[in-house]
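Descriptive structure summary
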Amino acid sequence: MQVHLVDHPLAAARLTTMRDKHTGNAAFRAALSDLTQMLVYEALADAPVDAIGIETPIKACAGTRLAAPPLFVPVLRAGLGMVEQAHAMVPEAFVGFVGVARDEATAKPVPYLESLPDDLAGQPVFVLDPMLATGGSMLHTLDLLVARGATDITVLCVVAAPQGVATLENSGYPLRLFVGAVDEGLDEASYIVPGLGDAGDRQFGPR
Ligand code: PRP
Ligand code: URA
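With an unreviewed UniProt entry as reference, the protein is termed Uracil phosphoribosyltransferase, source organism Gordonia desulfuricans. Word for word, the UniProt comment on the protein under Sequence similarities (unreviewed entry) is "Belongs to the UPRTase family." Per UniProt, the comment on the protein under Catalytic activity (unreviewed entry) is "UMP + diphosphate = 5-phospho-alpha-D-ribose 1-diphosphate + uracil".

Below, the structure written as structure tokens:
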């Protein structure tokens, strides 16, 4: 698996805002949206393009467009805060949805929604979830994607724990991970340390 740390002063500033426990819901969502823009920008840096011809008001000119726009897959709830910005950057992309919530006692993923195209062969897929803790929720999502034939999968996260990165490594799936920070580890409740708390609650309130 390729791991890309998106280590930029602007990304670090938004991540600081998200980590700060005094940051309110609206400012948290705004910082997540900004950081998503940076993650998507970095993850598409090497995307193949098709040449197209256009005309400027002055003369004919060569242009480009993405050869294969990705399918964005936000993992509900917290990934919802990333999809609007990702879609704004690639308006021609399609969007699928996966819903999974951790059992608070066991930290195991409990799936409750999948809304994805049946055939993902040849389709670049970008999974959006701010948090990669144990990696259980992401592994569930990846299993759904691979079962549909996906072989070109990019995971975009804000904060990861080393345990979550290892879960993805051990999956054996060919993946790219773009992440804002890899933190120290997990606490006894499987929250990322220092992390930023519960990314779903901090956007939308407690469930
Ligand atoms: C969070 C987060 C990830 C998951 C990460 O979702 O958005 O999906 O936890 O933890 P893991 O790597 O240990 O699986 P949560 O289950 O809190 O649901 P929510 O987004 O609805 O709040
Ligand atoms: N989910 C979150 O939202 N935060 C964590 O630290 C771990 C899982």
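That covers the picture; the talk isn't over yet.
**Here's the deal with the packing of helix α1 (residues 9–19) against helix α2 (residues 25–43)**
Across the interface, α1 lies against α2 with an axial gap of 9 Å and an inter-helix angle of 155°. On the basis of the axis angle, α1 is roughly antiparallel to α2. Regarding α1 and α2, the two cross each other, and that crossing is left-handed. Taking contact as the criterion, the partners of L10, A11, R14, L15, T17 and M18 in α1 are, on α2, A27, F28, A31, L32, D34, L35 and M38. Split into classes, the residues belonging to the contact of α1 with α2 amount to 10 nonpolar, 1 polar and 2 charged.

**Here's the deal with the pairing of strand β2 (residues 49–55)**
The side chains of a regular strand alternate, residue by residue, between the two faces of the sheet. Within β2, only 0 of the 7 residues are buried, leaving the element largely exposed. Of the strand pairs in this sheet, β2 and strand β3 (residues 60–66) are connected by 7 bridges, and their pairing is antiparallel. The residue bridging E55 from the neighbouring strand is A60, located in β3.

**Quick word on helix α4 (residues 136–147)**
The end-to-end C-alpha distance of α4, which contains 12 residues, comes to 17 Å, matching closely the 16 Å that a straight helix rising 1.5 Å per residue would cover. Burial in α4 covers these residues: G136, S137, M138, T141, L142 and L145. Downstream of α4 by a residue or two, G149 has a phi angle that is positive, lying close to 95°.

**Brief notes about the packing of α2 against helix α3 (residues 80–89)**
The geometry of a pair of packed helices is captured by two quantities: the angle between their axes and the separation between those axes. Running from N to C, α2 and α3 point in directions that differ by 45°, and their axes come no closer than 8 Å. With respect to α3, the element α2 is oriented oblique. The handedness of the crossing between α2 and α3 is right-handed. Contact residues: R29, L32, S33, T36, Q37 and V40 in α2; G81, M82, E84, Q85, A86 and M89 in α3. For the contact of α2 with α3, the class distribution of residues is 5 nonpolar, 5 polar and 2 charged.

**Observations regarding the site of ligand 1**
Taken together, 22 residues surround ligand 1, and among them R77, A78, T134, S137 and G200 come closest. Broken down by secondary-structure element, the contributors of at least two residues to the shell around ligand 1 are β6 (97–102), β9 (131–132), α4 and α6 (199–204). By residue number, the principal contributor to the shell around ligand 1 is α4, which donates 3 residues. Its residues placed into classes, the shell around ligand 1 shows 11 nonpolar, 7 polar and 4 charged.

**Quick notes on the UniProt feature "domain: Phosphoribosyltransferase" (unreviewed entry) in the protein**
Mapped onto this numbering, the UniProt entry annotates "domain: Phosphoribosyltransferase" (unreviewed entry) at residues 6–205. Secondary structure across residues 6–205 comprises 34% helix and 30% strand; the distance between its end C-alpha atoms is 28 Å.

**Considering the confidence of the model for the protein**
The share of residues in the protein with pLDDT of 70 or more is 100%, and the mean pLDDT across the chain is 98. Model confidence for the complex: the whole-complex pTM is 0.98, and ipTM, which rates the interface, is 0.98.

Procedures and definitions
- Residues numbered from 1 in each chain as written.
- Chains lettered and ligands numbered in written order.
- Predicted model: local features only at pLDDT ≥ 70, side-chain atom pairs only at ≥ 80, totals over all residues.
- UniProt positions renumbered as here; feature names shortened; annotations may be inferred.
- Axes fitted to C-alpha atoms, helices over the stretch in contact; angles between N-to-C directions.
- Helix = DSSP H or I, 4+ residues; strand = E, 2+ residues; numbered from the N terminus.
- Parallel < 35°, antiparallel > 145°, perpendicular 65-115°, else oblique.
- Left-handed = near helix turned anticlockwise from the far one by under 90°.
- Contact = placed C-beta atoms within 7 Å.
- Nonpolar A, V, L, I, M, F, W, Y, C, P; charged D, E, K, R; others polar.
- Buried ≥ 20, exposed ≤ 12 C-beta atoms within 10 Å, placed from the backbone.
- Pairing = 2+ DSSP bridges.
- Expected span 1.5 Å × (residues − 1).
- Near = placed C-beta within 6 Å.
- pLDDT = per-residue confidence, 0-100.

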